Protein chains: 2
Amino acid sequence: MTVPFGDWMKGVQDEVEHALGAFLPDAGAVPHKLHEAMRYTTLGGGKRVRPLLVYASGALFGADARALARAACAVEMIHAYSLVHDDMPCMDDDDLRRGKPTVHVAYDEATALLVGDALQSQAFQVLAETDTLPPKQVVAMLRLLAAAAGSAGMCGGQAIDLDSVGHALTLEQLERMHQLKTGALLRASVVLGALAGRELAPHELDALAAYSKAIGLAFQVVDDVLDATADSATLGKTAGKDAADNKPTYVSILGLEPSRALAEQLRRDAHEALAPFGEQALRLRELADLIVQRKA
Amino acid sequence: MTVPFGDWMKGVQDEVEHALGAFLPDAGAVPHKLHEAMRYTTLGGGKRVRPLLVYASGALFGADARALARAACAVEMIHAYSLVHDDMPCMDDDDLRRGKPTVHVAYDEATALLVGDALQSQAFQVLAETDTLPPKQVVAMLRLLAAAAGSAGMCGGQAIDLDSVGHALTLEQLERMHQLKTGALLRASVVLGALAGRELAPHELDALAAYSKAIGLAFQVVDDVLDATADSATLGKTAGKDAADNKPTYVSILGLEPSRALAEQLRRDAHEALAPFGEQALRLRELADLIVQRKA
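In this convention, every chain numbers its residues from 1, walking through the sequence in written order. By the order in which they are written, chains take letters starting at A while ligands take numbers starting at 1. Totals for whole chains, interfaces and linings use every residue, but because this is a predicted model, local features are given only for residues with pLDDT of at least 70 and side-chain atom pairs only at 80 or more, for both listing and counting. The basis for every side-chain value is the complete set of non-hydrogen atoms in the structure, without hydrogens or water.

- In the annotation of an unreviewed UniProt entry, chain A is listed under the name Polyprenyl synthetase family protein and assigned to Massilia solisilvae.
- UniProt positions are given in the numbering used here, feature names are shortened, and annotations may be inferred rather than shown by experiment. The record held by UniProt for chain A lists under Sequence similarities (unreviewed entry) the comment "Belongs to the FPP/GGPP synthase family."
- Word for word, the UniProt comment on chain A under Cofactor (unreviewed entry) is "Mg(2+)".

**Focus: the overall build of chain A**
Next, step 1: Here a helix means four or more residues in a row that DSSP labels H or I, a strand means two or more in a row labelled E, and each is numbered from the N terminus. Check the secondary structure of chain A and you find 15 helices and two strands.
Next, step 2: Radius of gyration here uses only the C-alpha atoms, and the compact-globule reference equals 2.2 Å multiplied by the residue count raised to the power 0.38. The C-alpha atoms of chain A give a radius of gyration of 18 Å, which matches the 19 Å a tight globule of 296 residues would have.
Next, step 3: Two residues form a contact once any of their heavy atoms are found within 4.5 Å. Contacts spanning at least 24 positions in sequence make up 72% of the contacts within chain A whose residues lie at least 6 apart.
Next, step 4: Accessible area of chain A: about 11,200 Å², with a carbon and sulfur share of 54%.
Next, step 5: Mean positive and mean negative side-chain charge positions of chain A (28 and 39 charges, respectively) differ by 3 Å. To be clear on the numbers: accessible area is Shrake-Rupley with a 1.4 Å probe, and residue cover counts the displayed protein chains and nothing else. Residues scored as positive are Lys and Arg, those scored as negative are Asp and Glu, and His as well as the terminal groups of each chain are ignored. To locate a charge, the coordinates of NZ of Lys, CZ of Arg, CG of Asp or CD of Glu are taken.

**Overview of the packing of aromatic side chains**
All names here are of chain A.
Next, step 1: Here the aromatic set is Phe, Tyr and Trp, taking the six-membered ring for Trp, and pairing holds for ring centres within 6.5 Å; pairs whose planes are under 30 degrees apart are stacked, those over 60 apart are edge-to-face, and all others are tilted. With the rule as written, the count across this model stands at seven aromatic pairs over all chains.
Next, step 2: Between K100 and the ring centre of Y40, over which it is positioned, the NZ or CZ distance is 4.3 Å.
Next, step 3: Counting as a charge over the ring demands two things of the Lys NZ or Arg CZ atom: a distance within 6 Å of the ring centre and an angle within 35 degrees of the ring normal. A cation over a ring is seen here: R294 above F219, with NZ or CZ 4.3 Å from the ring centre.

**Structural notes on the interface of chain A and chain B**
Next, step 1: If you look at the interface, chain A gives 45 residues, while chain B gives 46 residues.
Next, step 2: Summed over both partners, the accessible area lost on bringing two parts together, with a 1.4 Å probe, is the buried area. Both faces considered, chain A and chain B share a buried interface measuring about 3,600 Å² in area, 71% of it formed by carbon and sulfur atoms.
Next, step 3: On the chain A side of the interface with chain B, the three residues burying the most area are L114, R143 and S151 of chain A, jointly 15% of the side's total.
Next, step 4: Definition used for salt bridges: Asp or Glu carboxyl oxygen within 4 Å of a side-chain nitrogen of Lys or Arg. Scanning the region where chain A abuts chain B turns up two salt bridges.
Next, step 5: A salt bridge links D163 of chain B to K33 of chain A; the shortest N-O distance between them is 3.8 Å.

**As for unusual backbone geometry**
Residues and elements named next belong to chain A.
Next, step 1: Looking along the chain, the bond that leaves V30 and enters P31 is cis, with omega of -5°.
Next, step 2: Take P31: it is sitting in the loop between helix 1 (5–23) and helix 2 (32–42).
Next, step 3: Positioned with a positive phi, R98 is a non-glycine residue whose angle comes to about 50°.
Next, step 4: Tracing the backbone shows R98 in the loop between strand 1 (96–97) and strand 2 (100–101).
Next, step 5: In this structure R98 comes out as partly exposed when scored by relative accessible area, which is 24%. Burial classification: accessible surface area is computed with a 1.4 Å probe over protein chains only, and a residue below 20% of its type maximum counts as buried, one above 50% as exposed, and the rest as partly exposed.

**Description of the pattern of salt bridges**
Residues and elements named next belong to chain A.
Next, step 1: Taken as a whole, this structure holds 34 salt bridges over all chains when the rule is applied.
Next, step 2: One salt bridge in this structure joins D14 and K10, with 2.9 Å as the shortest N-O distance. Of the two residues, D14 and K10 are both situated in helix 1; the distance of four residues between them amounts to about one turn of the helix.
Next, step 3: Classification of D14 by relative accessible area gives partly exposed; the value is 40%.
Next, step 4: Classification of K10 as partly exposed rests on a relative accessible area of 46%.

**Things to note about the side chain of Q120 of chain B**
Next, step 1: Secondary-structure assignment places Q120 of chain B in helix 6 (residues 109–128).
Next, step 2: Two N or O atoms form a polar contact when they lie within 3.5 Å of each other; inside protein one atom must be a possible hydrogen donor and the other a possible acceptor, and for residues adjacent in sequence the pair counts only when both atoms belong to side chains. Side chain to side chain, Q120 of chain B and S121 of chain A meet in a polar contact 2.5 Å long.
Next, step 3: In contact with Q120 of chain B, not counting residues within four places along its chain, are D117, Q120 and S121 of chain A together with I78 and Y81 of chain B.

**Things to note about the relation of the copies chain A and chain B**
Next, step 1: For this overlay, a least-squares fit was computed on C-alpha atoms, restricted to residues scoring pLDDT of at least 70 in both copies. Superposition of chain A onto chain B requires a rotation of 180° combined with a translation of 0.0 Å along the rotation axis, giving an RMSD of 0.0 Å. The operation mapping one copy onto its partner corresponds to a two-fold rotation axis. No C-alpha of chain A approaches the rotation axis more nearly than that of P135 of chain A, which lies at 2.7 Å.
Next, step 2: When the interface residues of chain A are mapped onto chain B, 100% of them are again interface residues, pointing to one common binding face.

**Structural notes on helix 1 of chain A**
Residue and element names in this part refer to chain A.
Next, step 1: Compared with the 27 Å implied by 1.5 Å per residue over 19 residues, the 26 Å span of helix 1 between its first and last C-alpha is a close match.
Next, step 2: Along helix 1, the residues that are buried comprise F5, W8, M9, V12, V16, A19 and L20. The buried residues of helix 1 occupy an angular sector of 100° when projected down its axis, which confines them to one face. Summarising the geometry of helix 1, the exposed residues directed more than 90 degrees from the buried face are H18 and A22.
Next, step 3: For helix 1, the secondary structure elements touched by its buried residues are helix 2, helix 3 (49–60), helix 4 (65–86) and helix 15 (282–293). Any helix carries an expected span of 1.5 Å times its number of residues minus one. Each direction from the helix axis to a C-beta atom contributes to the arc, which is the arc of those directions.

**Quick word on the environment of A59 of chain A**
Next, step 1: Within the secondary structure, A59 of chain A is located in helix 3.
Next, step 2: With 118 residues separating them along the chain, A59 of chain A and M177 of chain A place their C-alpha atoms 30 Å apart.

**Concerning the side chain of H178 of chain B**
All names here are of chain B.
Next, step 1: With respect to the element layout, H178 can be found in helix 9 (residues 171–195).
Next, step 2: On the basis of relative accessible area, H178 is assigned to the buried category, the value being 5%.
Next, step 3: Setting aside chain neighbours within four positions, we find H178 in contact with G183, Q220, D224 and Y250.

**Some points on the packing of helix 7 (residues 135–149) of chain A against helix 9 (residues 171–195) of chain A**
Residue and element names in this part refer to chain A.
Next, step 1: What counts as an axis is a line fitted to C-alpha atoms, over the stretch in contact for a helix, and the angles between N-to-C directions run from 0 to 180 degrees. Running from amino to carboxyl end, helix 7 crosses helix 9 at an angle of 175°, the nearest separation of the two axes being 9 Å. Here helix 9 runs roughly antiparallel to helix 7, going by the angle between their axes. Contacts from Q137, M141, L144, L145 and A148 of helix 7 reach helix 9 at A184, L185, R187, A188, V191, L192 and L195.
Next, step 2: When its residues are assigned to classes, the contact of helix 7 with helix 9 shows ten nonpolar, one polar and one charged. Should an angle lie under 35 degrees it is considered roughly parallel, over 145 roughly antiparallel, and from 65 to 115 roughly perpendicular; all remaining angles are considered oblique. Basically, the charged four are Asp, Glu, Lys and Arg, the nonpolar ten are Ala, Val, Leu, Ile, Met, Phe, Trp, Tyr, Cys and Pro, and anything else, Gly included, counts as polar.

**A look at the nonpolar core**
Next, step 1: Within this scheme, the nonpolar core is defined by two criteria: the residues are buried Ala, Val, Leu, Ile, Met, Phe, Trp, Tyr or Cys, and they are joined through side-chain atoms within 4.5 Å. One finds Y211 of chain A together with Y211 of chain B to be the most contacted residues of the largest nonpolar core, which totals 208 residues.
Next, step 2: When neighbours within four sequence positions are excluded, Y211 of chain A is seen to be in contact with L53, V190, A270, A273, L274, L284, L287 and A288 of chain A.

**Quick look at the packing of helix 9 of chain A against helix 10 (residues 202–229) of chain A**
Residue and element names in this part refer to chain A.
Next, step 1: Where helix 9 contacts helix 10, the axes come no closer than 8 Å and their chain directions differ by 130°. Here helix 9 lies oblique to helix 10, going by the angle between them. Where helix 9 crosses over helix 10, the two elements pack in a sense that is right-handed. When helix 9 is examined against helix 10, the residues E175, H178, Q179, T182, L186, R187, V190, V191 and A194 are found in contact with a partner set consisting of L205, L208, A209, Y211, S212, K213, G216, L217, F219, Q220 and D224. In this scheme the handedness of a crossing depends on how the near helix is turned from the far one: anticlockwise by less than a right angle means left-handed, clockwise means right-handed.

**Some words on the state of the cysteines**
Next, step 1: We call a pair of cysteine sulfur atoms a disulfide when they lie within 2.5 Å. In the structure shown here, the tally under the stated rule is zero disulfides over all chains.
Next, step 2: In this structure C90 of chain A is a free cysteine whose sulfur lies 7.3 Å from that of C90 of chain B, the closest cysteine sulfur available.
Next, step 3: On the basis of relative accessible area, C90 of chain A is assigned to the buried category, the value being 18%.
Next, step 4: No disulfide involves C73 of chain B; its nearest neighbouring cysteine sulfur is the one of C155 of chain A, lying 19 Å away.

Here's what the structure looks like:
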């Protein structure tokens, strides 16, 4: 009998929380403040969307559990570092994240800078120390993660986002920005989980890329809808921030109801991309639903 | 006949400059400003001490030229990113680096933050894309670089340095801080060059570690001597900054002449550590001399 989605999700979240705790440096080790702040920002919060994608894709490709834990923690550390740096005064200048004071508020700016830098190194270290897969596969995963994190991926999207503040963007420009800023790491999560199982045929990689593209855009459309409609307590971060910052969003370009309709269409696109995998893609389908139907 | 040291050094520096240019994203690719700033800060300057160590060690272990170029560029990108972040206002707040305005001055703070982040990813990508060595060896090199860059290496040393401002440090505490802050990446450079040749026996790794420890400390002692005695134009960065910031240095703890004597002792220690390798370690010996005898 298949485990209900909610139980599966809770199981993965618990496993990832435990693994992150083990893979992060001990707060008792020097330098204490840096290690404490790395743990403060990474542990005990977040929806763990990226680790869930790693595990869901891993389930489809019969991946090794220890390799999945490392891939999931690596991608979550990259995500966590990006949040710490994005929240800094010279970027989005945000005080609240996952319902807690951001690192530069709880500690100081220099510590926030170093926490992000050290988390990025830690992510590559955790992945490189995978010893339950052939080295060739580990190298492929490291290449994928590095490309997704860098200037042709997440950092590049962030740079385009910065340059776009106060500019009118077309829907195509907005889409390209988000495909890099959040989409690249979501896609990497899906492919990392698969590679933890085995090498992929080109048509399998194409199907996963189509799925990832749909959920990546859906994720952002829903983020914009929630930013425009939910309150800060529900979101665990400052609501209405995009409008206040005059940032282009799906809601500002398309309007609220068309944005909701787009998210629903993207959910159906994601399901369709998974069709070749049949029943085995259950967890990836359920995650597409979760991403579109979430309330925070 | 052996190529004179100066010619060998110039050859490596030119080769690294060319390889960095090829491995960095094209400034014509979106996002332009980010890519332009990554190239601005990495190309056209610097002594390339770390790449020189990679090549010198590679020469000793018969390393593949293409693997050496990747390892040298990876370690130089980690070094370059750390300089960009260290110069930011929330850290050392420095306006001048390698004789040019720092990235946050020439561009802006947000760009400096992203340039550092993207350079770190790029470093791991360049190394992971090594395709002239067995994957097992590439994974070993990635583990080494990640550990040297992270909270148990360079970032950790930076955190200890921050916490030490205005505190009286003992010589032992100062040494430990520098062994992480600069020593970890210098050691990684030496070992990466060797691993690009072949796997190392424990006694070879020990000898390289002893050499690296000596030149790492020597590097810092000489830095402190130069900061206290040279001018900004010669250094290409702001001179006298440590004293102005009330930072503990070898000169402030030991005095100027004893610091010079210590650097010379460390140079001899480095030579001694290389004794088991005989004549083949020529370039590593010459680099120890360069590090101690440099004027900037």
